[in-house]
Amino acid sequence: MATTNNKNLTITEKVYVRVRLANEADISHIYKLFYQIHEYHNYTHLYKATESSLCDLLFKANPNPLFYGPSVLLLEVSPTPFENTKKDEKFKPVLKTFDLRATVEDKEAEEFKSKSCGDEKEDVFIAGYAFFYANYSCFYDKAGIYFESLYFRESYRKLGMGSLLFGTVASIAANNGFASVEGIVAVWNKKSYDFYVNMGVEIFDEFRYGKLVGDALQKYADKEKA
């Protein structure tokens, strides 16, 4: 059951979910979701992307085979079942129904209404995403998947959808010959930490993440010019 009022969406009892591969028509929503995750981590001052630069990165300047270059899966929700879903040429969408233990109140529904449903449904909204790409490590003899980020809008957290989205990426890795799925786990975020451990991720406490950026990186280019 669902109701709409002043562009808000209320869903009770059941919510229908679809995970699909993002395409160029989704770029405005991807941009806003990427901004929201930076906002969640208090890193908006570091958010330099534009819709145009993201479009180039994800869709126009990405000559790599499927899932080797930067890839985004979108998780869409609807108060009504997905029917006659058209199959994506590259990735078959994953469909699931979730029984709700509490009412979902989505105050951003109109802003995140899907523009690329691939069917005639008008009540489809983007709830979250997974962003990943291939990497290579000398520990393995083939490429793995680097899981850059997973994010849900606030209305759709704690519903079990994270397991579906992460599990879909893991399935992509297993079915396409990748050696691993790996990424950064925020130690301070216990809920996130526990989530990944429960999904089977092994945490290596003896390694620490390092980054060379900004002026520290630029000085190496300046040395070459000197």
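Residues numbered from 1 in each chain as written. Predicted model: local features only at pLDDT ≥ 70, side-chain atom pairs only at ≥ 80, totals over all residues. Heavy atoms only, no water.

**Structural notes on the UniProt feature "site: Important for catalytic activity" in the protein**
Feature annotation in UniProt assigns "site: Important for catalytic activity" to the following positions: Arg157, Gly160 and Gly162. Ignoring anything within four residues of it in the chain, the contact list for Arg157 reads Tyr40, Tyr151 and Phe152. Here Gly162 shows up in helix 3 (residues 161–175). Under the relative-accessibility criterion, Gly162 is labelled buried at 14%. The contact partners of Gly162, leaving out residues within four places of it in the chain, are Leu150, Phe152 and Phe195. (UniProt positions renumbered as here; feature names shortened; annotations may be inferred. Contact = heavy atoms within 4.5 Å. Helix = DSSP H or I, 4+ residues; strand = E, 2+ residues; numbered from the N terminus. Buried < 20%, exposed > 50% of the residue type's maximum accessible area, 1.4 Å probe, protein only.)

**Points about the pairing of strand 7 (residues 125–135)**
Across the 11 residues of strand 7, eight count as buried, placing the element largely inside the fold. As paired strands, strand 7 and strand 8 (residues 144–152) are joined by eight bridges and run antiparallel to one another. Across the sheet, the residue bridging to Gly128 is Phe152, located in strand 8. (Pairing = 2+ DSSP bridges.)

**Some remarks on the sheet that holds strand 8**
With mixed pairing, six strands are arranged side by side in an open sheet as 5-3-4-7-8-9. The open sheet terminates on both sides in strands that have one partner only, identified here as strand 5 (94–99) and strand 9 (181–182). In the packing of helix 1 (residues 27–40) onto the sheet, the strands contacted are strand 4 (71–78), strand 7 and strand 8, and the crossing angle to strand 7 comes to about 80°. (Axes fitted to C-alpha atoms, helices over the stretch in contact; angles between N-to-C directions.)

**Remarks on the pattern of salt bridges**
The full count for this structure, using the stated rule, is 11 salt bridges. Ionic pairing is found between Glu76 and Arg18, a salt bridge with its closest N-O pair at 2.9 Å. With Glu76 in strand 4 and Arg18 in strand 3 (residues 14–21), this pair connects stretches of sequence that are 58 residues apart. Accessibility assignment for this pair places Glu76 and Arg18 in one class, buried. Residue Lys60 is joined to Glu24 by a salt bridge in which the shortest nitrogen-to-oxygen separation is 3.7 Å. Of the two residues, Lys60 sits in helix 2 (residues 51–60) while Glu24 sits in the loop between strand 3 and helix 1, which places them 36 residues apart along the sequence. Residue classification places Lys60 among the exposed positions, given a relative accessible area of 56%. Accessibility expressed as a relative area gives 40% for Glu24, which makes it partly exposed. (Salt bridge = Lys/Arg side-chain N within 4 Å of Asp/Glu carboxyl O.)

**Description of the packing of aromatic side chains**
Given two aromatic rings, one states the distance between the centres and the angle between the planes to describe the pair. The tally for this structure, following the rule as stated, stands at 16 aromatic pairs. Centroid distance Tyr31 to Tyr47: 5.4 Å. Interplanar angle 40°. Geometry classified as tilted. One end of the pair, Tyr31, is in helix 1; the other, Tyr47, is in the loop between helix 1 and helix 2, and 16 residues separate them in sequence. Residue class for Tyr31 comes out partly exposed when judged on its relative accessible area of 23%. With relative accessibility at 13%, the residue Tyr47 sits in the buried group. Measuring from centroid to centroid gives 6.3 Å for Phe204 and Phe207, while their planes differ by 70°, and the two rings are edge-to-face. In this structure an aromatic cluster arises from ring pairing among Phe34, Tyr129, Phe131, Tyr133, Tyr146 and Tyr151. Over the face of the ring belonging to Phe112 we find Lys32, whose NZ or CZ atom lies 5.1 Å from the ring centre. In this arrangement the basic side chain of Lys121 is found over the ring face of Phe82, its NZ or CZ atom lying 5.2 Å from the centre. (Phe/Tyr/Trp six-rings, centres within 6.5 Å; stacked < 30°, edge-to-face > 60°. Lys NZ or Arg CZ within 6 Å of the ring centre and 35° of its normal.)

**Let's talk about unusual backbone geometry**
Unlike most non-glycine residues, Asn42 shows phi in positive territory, near 60°. Note that Asn42 resides in the loop between helix 1 and helix 2. Positive phi is not limited to glycine here, since Lys158 has a value of about 65°. Structurally, the position occupied by Lys158 is in the loop between strand 8 and helix 3.

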